[in-house]
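Summary of structural features
Here is what each chain is made of, one letter per residue.
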Amino acid sequence: MRQASKRLLTLVMSQSVVHLKFSKPGCHLETAAILKQCPLKHGQDGILHLSSQTLGVAVSLNENADPTVRPDLQLAFDKISQENPLICASLMGYTLTVPITSGRPSLGTWQGLYVANFTGCKEASLVATFLPGQHVTSVTVTAPERGCHIITDTLAEAIPKSQGVSFFHLKHTSAALCLGSKATATGPLLESTLNRLVPESWNDKYFTHTYEGPDDMPGHVKSSLIGTDLVVPIVASGELGLGADQVVYLVEPRNSGGWGGGHRRSISRTVLSEKLFTSQTQMDHPVSDQSIDVTPCILDTISTLDNGLVNVLVQDSAAALVLADPNQAELLTSTLKSSTLDELPIQGLLGSSIVLAIYQGRLQLPDRCKLLVLASTGSKCRLCITLMSSDV
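Residues numbered from 1 in each chain as written. Predicted model: local features only at pLDDT ≥ 70, side-chain atom pairs only at ≥ 80, totals over all residues. Heavy atoms only, no water.

**Re the pattern of salt bridges**
What the rule picks out here adds up to eight salt bridges. What you see here is one network of salt bridges that share partners, running through E212, D215, D216 and R254. (Salt bridge = Lys/Arg side-chain N within 4 Å of Asp/Glu carboxyl O.)

Next up, the structure:
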């Protein structure tokens, strides 16, 4: 194993552009088409990052077996967004990171790569980036019940005590990972908000994938809404680079857990910790409005990098990061609030950590999209920005 790890360090980052064609809008299972065009080689371990370059086309992981999940997922996002395709894409997300083992995605049994064409375009492109990993482990977490549960300490175990980045991947299609405040009320608030956004009454009214009870398809929707991949920097002290009140949540939306496994959820951890691949900076950014475009400061940070990845984490549990058209930002938050009655747990819903691709000297963003911080006006948010590339 020691010799294999040393061999992996000699492998460098590789990138390619994935081209996809569509005959119709909707959520499409595109695992084979994507992998055919990805820069993966047999024997490689690490991470594969996918970044959509096409406005209104999102990427996610979900059910690879029953095709009824796909139209149900499209319908649910249409209803959550009030049939706004650009909000659909921002909610599902334009980026995705998955673990790679021996040159193949190390996914859960039922997971497949989804490309959601919300705008009905005929073609789309993704930038695919492979980075070799050095430290790949897995952990099993058992949720005590349905709800949102703090699992930070469990995930932090066995992480190398050196600066870098940790990639977490949940190998299930009806659960999710997110960051949020460690305040006692956060978990119940996120659970109740998700239940209002995706009510189980939709199971009888709209959904076809209803085989495992009323929490079945709503669980799949919540998984793609929150996400199964989570990227957290490891700071110089060797600890997860979270904010003072930030923690990691396992979102368990099922009454009895997933098919055949109950509430036992498997999570893989891939760590990039060699300085060959990473450099890291932290900065405070003022928030003068409810949404602030932080793209310029990211561009300044990556100005010397031609190819690679950049992870941005906002270390404030009251703030969120989202790729969106700035003209849609206010509508995005108002749409979410219109479906809920309580305070909006925006970080859990939209996320606070994102990985973006740098390809041929350009930060890869969909047309018209910017990286936005959504936060309280007049506050400051701390950003932790980590570069990952053999060019660093």
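**Description of the packing of helix α3 (residues 69-80) against helix α8 (residues 216-226)**
Running from amino to carboxyl end, α3 crosses α8 at an angle of 65°, the nearest separation of the two axes being 10 Å. For the element pair α3 / α8, the angle class is roughly perpendicular. Relative to α8, α3 is oriented so that their crossing is right-handed. On α8, the residues touching V69, D72, L73, A76, F77 and I80 of α3 are M217, H220, V221, S224 and L225. Partitioned by chemical class, the residues of the contact of α3 with α8 number eight nonpolar, two polar and one charged. (Axes fitted to C-alpha atoms, helices over the stretch in contact; angles between N-to-C directions. Helix = DSSP H or I, 4+ residues; strand = E, 2+ residues; numbered from the N terminus. Parallel < 35°, antiparallel > 145°, perpendicular 65-115°, else oblique. Left-handed = near helix turned anticlockwise from the far one by under 90°. Contact = heavy atoms within 4.5 Å. Nonpolar A, V, L, I, M, F, W, Y, C, P; charged D, E, K, R; others polar.)

**Thoughts on the packing of aromatic side chains**
Considering all chains together, one arrives at three aromatic pairs under this definition. Centroid distance W202 to Y206: 6.2 Å. Interplanar angle 75°. Geometry classified as edge-to-face. Ring centres 6.2 Å apart and planes at 80° place the aromatic pair W202 and F207 in the edge-to-face group. For the residue pair W202 and F207, the accessibility class agrees, reading buried in each case. One aromatic cluster is present, built from ring pairs that chain together W202, Y206 and F207. (Phe/Tyr/Trp six-rings, centres within 6.5 Å; stacked < 30°, edge-to-face > 60°. Buried < 20%, exposed > 50% of the residue type's maximum accessible area, 1.4 Å probe, protein only.)

**Considering unusual backbone geometry**
One non-glycine residue, Q360, lies in the positive phi region at around 55°. Note on placement: Q360 falls in the loop between β20 (353-359) and β21 (362-363). Its identity is not glycine, yet R368 carries a phi of approximately 75°, on the positive side. You can see R368 is positioned in the loop between β21 and β22 (370-374).

**Quick notes on α8**
With eleven of eleven residues buried, α8 is to be regarded as a mostly interior element. For α8, the set of buried residues is D216, M217, P218, G219, H220, V221, K222, S223, S224, L225 and I226. Looking one or two places after α8, you find G227, whose phi comes out positive at around 110°.

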